[in-house]
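As a plain string of letters, each chain reads:
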Amino acid sequence: MSVWDPLRGNLSIESLARQMSADDLAHSWLLLGSSGSDKGAAAVAMAAAVNCEVAPMLGCGDCSTCLRILRHRHPDVHHVSPEGTFILVDQIRESVIAEATRSPFEATSKVFILEEADRMNPAAQNALLKTLEEPGPATMFILLSAREEELLETIRSRCRVIHLQRVPEEHIATVLQAEGIATDKALLAARVCEGDLHRARSLTGSGRAWERRSLWLSIPRRLTSPVDGLDLAAEIVNEAREAVRDREMHQKDEVVELAEALGEGRGTTSARNALAKRHKRELRRVEEAVLAEALDTMGSFYRDVLALRSGGESVTNLDVLEELGGWADSGVSDLGLLAAVERCVSARSALSKNANVPLTMETTMLELTERVPPDSRAGVRS
Ligand SMILES: [Zn+2]
């Protein structure tokens, strides 16, 4: 067992693991890659590897330090992500600069993982610069970004830059099969997850995520009137809230664990506040992720119908091919389908900018009913 196990198969991450095991370390790292490149999981594995008590620089994945870091429950590994649209200078001063001057509670190295580092505004990036230039001896910074161009050159030049690649579809399927996932399911998950091994694993690993996918795929067929649209919007929102409630249960355990780990003493209030803030962000992200899942899956359904009409080479949802075929043969217009795909994309982007959730989902569902009207689908098998 190793902290890198869940990332096996991603060659750029394997190379990163080799650098660490050879003790070839940098104080500041910049991991670049799109959403499917497992940047976050790689950063957490790095934090565990440098701090593992059993297998230093490798990360055994089993000791208490590794386990708590992997679960984001270690007081010396700080996750910083945007509170709102940007990471502002105050957040960098409070959560990074001030914190970096304190010595670690218990770990060898204090690690700061800056998620979506490109969302630091220029003032925040400039504030961080000095700390990156003169880091404490036991401090490591890991910046994550999908948009390198948004980062100041001065920041980039102070980091060791690692480009993470997406994982080829065939490779994801092979990895999942080797891990005991049935061939059909492995092939489908590899196709659906578009190069994101981590997402493919969570889809095949959790019964709930797999069930949710069937629910999202049933929506286009059930969307037959504006009233249905509103009902389905409520169903999607409820599903997201259910996931939020699940996460809240885990968070309660985490609060207890942190209290036990820290006891009463120096810095405990700031650690507790940081945890409470992280929890709040995490809940918003869980909700956003489930809604994004719904919109992405519905969008991919409509896109698949278009793909079938133009030869069918790039169909994603191979498990509902027959239903997609029915839609492709129906009177639904290409323009309507295209508008439906676009609506799913724009709703997703609105939600990432804090749009009102129920309202966005309702207007989206109503627009989908209008763009792909039920009477145009005569003959669609369901
Ligand atoms: Zn360990």
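Residues numbered from 1 in each chain as written. Predicted model: local features only at pLDDT ≥ 70, side-chain atom pairs only at ≥ 80, totals over all residues.

**Notes on the overall build of the protein**
Note the threshold: Each helix is a run of H or I in the DSSP string that is no shorter than four residues. Each strand is a run of E no shorter than two, and both are numbered from the N terminus. The reference for a compact globule is 2.2 Å times residues^0.38; the radius of gyration itself is calculated from the C-alpha atoms. Any residue whose C-beta has 12 or fewer other C-beta atoms within 10 Å is treated as exposed, any with 20 or more as buried, and any in between as partly exposed, C-beta atoms being built from the backbone.
When helices and strands are tallied, the protein shows 15 helices and 5 strands. On C-alpha atoms alone, the protein measures out to a radius of gyration of 23 Å, which is about the 21 Å that the 2.2 N^0.38 rule sets for 382 residues. Taking the principal axes of the C-alpha coordinates as reference, the protein spans close to 70 × 40 × 40 Å. Across the 382 residues in the protein, those meeting the buried criterion constitute 40%.

**Topic: the environment of Thr224**
Relative to the helices and strands, Thr224 resides in the loop between helix 10 (207–222) and helix 11 (226–262). On the basis of neighbour counts, which here come to 15 C-beta atoms within 10 Å, the residue Thr224 falls in the partly exposed class.

**Notes on the sheet that holds strand 4 (residues 139–145)**
Short version of the rule: Only when DSSP finds a minimum of two bridges between them are two strands counted as paired. Note on geometry: axes are lines fitted to C-alpha atoms, helical ones only across the stretch in contact, with angles between N-to-C directions running from 0 to 180 degrees. With C-beta atoms placed from the backbone, a contact is any residue pair whose C-beta atoms sit within 7 Å.
Pairing is parallel across the open sheet formed by 5 strands, whose spatial order is 2-3-4-1-5. The strands lining the two open edges of the sheet, one partner per strand, are strand 2 (77–80) and strand 5 (160–163). Going from strand to strand, the sheet's axes swing by 15° on average, the running direction of each strand aside. Of the strands in this sheet, strand 1 (28–32), strand 2, strand 3 (110–114) and strand 4 are in contact with helix 2 (residues 39–51), which crosses strand 4 at around 170°. Those strands touched by helix 4 (residues 89–100) are strand 2, strand 3 and strand 4, and its axis lies near 155° from that of strand 2.

**Details of the nonpolar core**
Put simply, the rule is: Think of a nonpolar core as buried Ala, Val, Leu, Ile, Met, Phe, Trp, Tyr and Cys residues, each tied to the set through C-beta atoms within 7 Å.
Residues Leu31, Ala47, Ile113 and Ile142 are the most contacted members of the largest nonpolar core, which totals 46 residues. Considering every element that reaches this core, the biggest residue donor is helix 2, with 9 residues. If sequence neighbours within four positions are ignored, Ala47 has contacts with Ile69, Val77, Val111 and Ile113.

**Looking at the domain arrangement of the protein**
Defined as follows: For the domains described, the bounds stem from an automatic or database domain assignment. Only Asp, Glu, Lys and Arg are considered charged, only Ala, Val, Leu, Ile, Met, Phe, Trp, Tyr, Cys and Pro nonpolar, and every remaining residue, Gly among them, polar.
Splitting the protein by domain gives domain 1 (5–166), domain 2 (167–205) and domain 3 (206–377). Taken together, the 9 residues of domain 1 in the interface contact 10 residues of domain 2. By residue class, the composition of the side of domain 1 that touches domain 2 is 2 nonpolar, 4 polar and 3 charged.

**Details of the pairing of strand 1**
Counting buried positions over the 5 residues of strand 1 gives 5, a clear majority of the element. Of the two faces of strand 1, the one carrying Ser28, Leu30 and Leu32 and the one carrying Trp29 and Leu31 are both buried. Relative to strand 4, strand 1 runs parallel, the two being bridged by 5 bridges. Considered in strand 4, the bridge of Leu30 is made with Leu143. Relative to strand 5, strand 1 is paired through 4 bridges, and the arrangement is parallel. Of the residues in strand 5, the one forming a bridge with Leu31 is Ile162.

**A short note on the packing of helix 10 against helix 12 (residues 268–309)**
Defined as follows: By definition in this entry, angles of less than 35 degrees are roughly parallel, angles greater than 145 are roughly antiparallel, angles of 65 to 115 are roughly perpendicular, and the rest are oblique. By definition, any crossing whose near helix is turned counterclockwise from its far helix by less than a right angle is left-handed, and any crossing with a clockwise turn is right-handed.
Contact geometry of helix 10 with helix 12 gives a least axis separation of 9 Å together with a crossing angle of 50°. Taken as axis vectors, helix 10 and helix 12 run oblique relative to one another. The way helix 10 lies across helix 12 gives a crossing that is right-handed. On helix 12, the residues touching Arg212, Arg213, Trp216, Leu217, Ile219 and Pro220 of helix 10 are Glu293, Ala294, Thr297, Met298, Phe301 and Tyr302. Residue classes in the contact of helix 10 with helix 12 are distributed as 8 nonpolar, 1 polar and 3 charged.

**A few points about the packing of helix 7 (residues 169–178) against helix 9 (residues 197–205)**
In a packed pair of helices, the relevant descriptors are the angle between the two axes and the axis-to-axis distance. In contact at an axis separation of 10 Å, helix 7 and helix 9 are set at 40° when each is read in the N-to-C sense. When the interaxial angle is binned, helix 7 and helix 9 end up oblique. The two elements helix 7 and helix 9 cross, and the hand of that crossing is right-handed. Two secondary-structure elements touch here, helix 7 through Ile172, Val175 and Leu176 and helix 9 through Leu197, Ala200 and Thr204. Among the residues forming the contact of helix 7 with helix 9, the class breakdown is 5 nonpolar, 1 polar and no charged.

**What to know about the environment of Ser81**
Structurally, Ser81 is set in the loop between strand 2 and helix 4. Residue Ser81 is classed as buried on the basis of its 20 C-beta neighbours within 10 Å. Those residues in contact with Ser81 that lie beyond four places of it in its chain are Glu115, Glu116 and Arg281.

**So, helix 9**
The buried count for helix 9 comes to 7 of 9 residues, which makes it a mostly enclosed element. For helix 9, the complete set of buried residues consists of Leu197, His198, Arg199, Ala200, Arg201, Leu203 and Thr204. Summarising the contacts, the buried residues of helix 9 are in contact with helix 2, helix 7, helix 8 (183–192) and helix 10.

**Describing unusual backbone geometry**
Keep in mind that most residues, glycine aside, have a negative phi and that most peptide bonds are trans. Its identity is not glycine, yet Glu116 carries a phi of approximately 45°, on the positive side. Position of Glu116 relative to the elements: it lies in the loop between strand 3 and helix 5 (122–133). Of the residues examined, Glu116 has 19 C-beta atoms within 10 Å and is grouped as partly exposed. The phi angle at Glu194 is positive, at roughly 45°, despite the residue not being glycine. Counting through the fold element by element, Glu194 comes out in the loop between helix 8 and helix 9. Its 18 C-beta neighbours within 10 Å are what place Glu194 among the partly exposed residues.

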